[in-house]
Amino acid sequence: MASITKTNKKEIKESFLNDFNSNLKQSSKLEINENAPIVEQKILIIILAFVQRAKPVLSPDLNSWYLIPKTLMFDLLDWGKSKNYGVINDHLSKIKSYPLKIKGEQNSQIETIEYNLLRGIATPKDTGGSYGVLLEDIVVQELKNPESYLSQNLFIMLSLRDNKYTKVFYNFLFTKNIESGKNNFEFTLSYVELKLSLGMTENAYPNWHDFKRGVLDKIIDEINTKSNYFVEYKLIRKNKKIDKIDFFVEEQEWKDSIVKRIEKLINHFEEEQMAGHL
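The rules behind the values
- Residues numbered from 1 in each chain as written.
- Predicted model: local features only at pLDDT ≥ 70, side-chain atom pairs only at ≥ 80, totals over all residues.
- Heavy atoms only, no water.
- Helix = DSSP H or I, 4+ residues; strand = E, 2+ residues; numbered from the N terminus.
- Contact = heavy atoms within 4.5 Å.
- Core = buried A, V, L, I, M, F, W, Y, C linked by side-chain atoms within 4.5 Å.
- Buried < 20%, exposed > 50% of the residue type's maximum accessible area, 1.4 Å probe, protein only.
- Axes fitted to C-alpha atoms, helices over the stretch in contact; angles between N-to-C directions.
- Parallel < 35°, antiparallel > 145°, perpendicular 65-115°, else oblique.
- Left-handed = near helix turned anticlockwise from the far one by under 90°.
- Nonpolar A, V, L, I, M, F, W, Y, C, P; charged D, E, K, R; others polar.
- pLDDT = per-residue confidence, 0-100.
- Phe/Tyr/Trp six-rings, centres within 6.5 Å; stacked < 30°, edge-to-face > 60°.
- Lys NZ or Arg CZ within 6 Å of the ring centre and 35° of its normal.
- Pairing = 2+ DSSP bridges.

A. Structural detail: the side chain of Asn224. Structurally, Asn224 can be placed in helix 10 (residues 208-226). For Asn224, the residues in contact, after removing those within four places along its chain, are Tyr229, Phe230, Val231 and Gln252.

See below:
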């Protein structure tokens, strides 16, 4: 058997990536760090939303950078002028180290490829007034592909910002939706399985009522009011204890004021850019 050199290792990886990318289906998705502070998750989603819409700027080393004006970033974060622009620089430095996972179906098997989230960042001081980000090519492709999970759900993910577990459960619902192949679907989880699906340990929240009040009801309320799913659940008891939870999910038309606002701000930025005012 021929030895694998550094060169053909690269070729093998590129060949796999090409096959993987060409077979990505609608169930492909990007996973973000659900343990990160809400503000960093929101900055990340704003970056992805902007990259989805904008055109890159080619740097001298031929890398494609996306420049997000600092005023636009602050508007989307609902931050007043009193905030220090350097705060976002600090958050971007942390976001850069986030692990990024893209899942896709390859030969009927779910495969995962992992990267660093951002390949590079630049500050307004470096760019003359914008936050610069450099992303992996596959992420940009996913963002600009209208059939991808990331493209379809960006603004929903941005709106789900009240509870860190809501995004996790939304992703779980999306996966169940794909598996069922139906607009309306249902599934059953044990109490332990539900906690594990949210990234908790099985020993977390030993008291059901604490979990229901502090986690589950908040998740359901936010998903029902801010996403394209409407969720109801029914408790199944065994020996007076919660044994399982039946979930019933319907797809609903999603309308959220934050989407219109974000699109309006980005459209305004594009118009100003085309008019040469930026």
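B. A look at the nonpolar core. Formed by 63 residues in total, the largest nonpolar core has its most connected members in Phe169 and Phe247. With eight residues, the single largest contributor to this core is helix 2 (residues 38-53). For Phe247, the residues in contact, after removing those within four places along its chain, are Phe169, Phe185, Glu186, Phe187, Leu189, Leu194, Leu216, Ile220, Val231, Glu232 and Tyr233.

C. Summary view of the packing of helix 2 against helix 3 (residues 70-77). Close contact between helix 2 and helix 3 brings their axes to 11 Å; oriented N to C, the two are set at 125°. By the criterion of interaxial angle, the relationship of helix 2 to helix 3 is oblique. As helix 2 runs across helix 3, the sense of the crossing is right-handed. Note on element contacts: helix 3 touches helix 2 through Leu72, Met73, Leu76 and Leu77, opposite Lys42, Ile43, Ile46, Ile47 and Phe50. Class assignment of the residues belonging to the contact of helix 2 with helix 3 gives a composition of eight nonpolar, no polar and one charged.

D. Inspection of the confidence of the model for the protein at higher detail. Chain-level pLDDT for the protein is 76 on average; 71% of the residues reach the 70-or-more range. Segment residues 1-28 is flagged for pLDDT under 50; beyond a separation of four residues in sequence, or across chains, it makes 31 contacts in the model.

E. Molecular detail of the packing of aromatic side chains. Scanning all chains against the criterion turns up twelve aromatic pairs. With 5.1 Å between their ring centres and 20° between their planes, Phe187 and Phe247 make a pair best called stacked. Of this pair, Phe187 sits in strand 8 (residues 184-190) while Phe247 sits in strand 10 (residues 241-251), placing them 60 residues apart in sequence. Taken together, a centroid distance of 5.3 Å and an interplanar angle of 65° make the contact between Tyr191 and Phe211 edge-to-face. In this pair, Tyr191 sits in helix 9 (residues 191-197) while Phe211 sits in helix 10, placing the two residues 20 residues apart along the sequence. Phe211 matches Tyr191 in its accessibility class, with the two residues each being buried. One aromatic cluster in this structure is built from Phe169, Tyr170, Phe172, Phe185, Phe187, Tyr229, Tyr233 and Phe247. The ring of Tyr191 carries the charged tip of Lys195 above its face, separated from the ring centre by 4.2 Å.

F. Representation of the packing of helix 2 against helix 6 (residues 137-144) in the model. With their axes 8 Å apart at the nearest point, helix 2 and helix 6 run at an angle of 75° to one another. As summarised for this structure, helix 2 and helix 6 are arranged roughly perpendicular, according to the angle between their axes. Where helix 2 abuts helix 6, its residues Leu48, Val51 and Gln52 lie against Val139, Val140, Leu143 and Lys144.

G. Representation of the sheet that holds strand 3 (residues 64-69) in the model. Taken together, the four strands give an open sheet; going across it, the order is 2-3-7-6, and neighbouring strands pair in antiparallel fashion. Two strands lie at the open edges of the sheet, namely strand 2 (57-58) and strand 6 (118-122), each paired on one side alone. Judged from the two bridges that link them, strand 2 and strand 3 form a sheet pairing that is antiparallel. Across the sheet, Leu58 pairs through a bridge with Ser64, a residue of strand 3. Docked against the sheet, helix 2 engages strand 3 and strand 7 (130-135), running at close to 115° with respect to strand 3.

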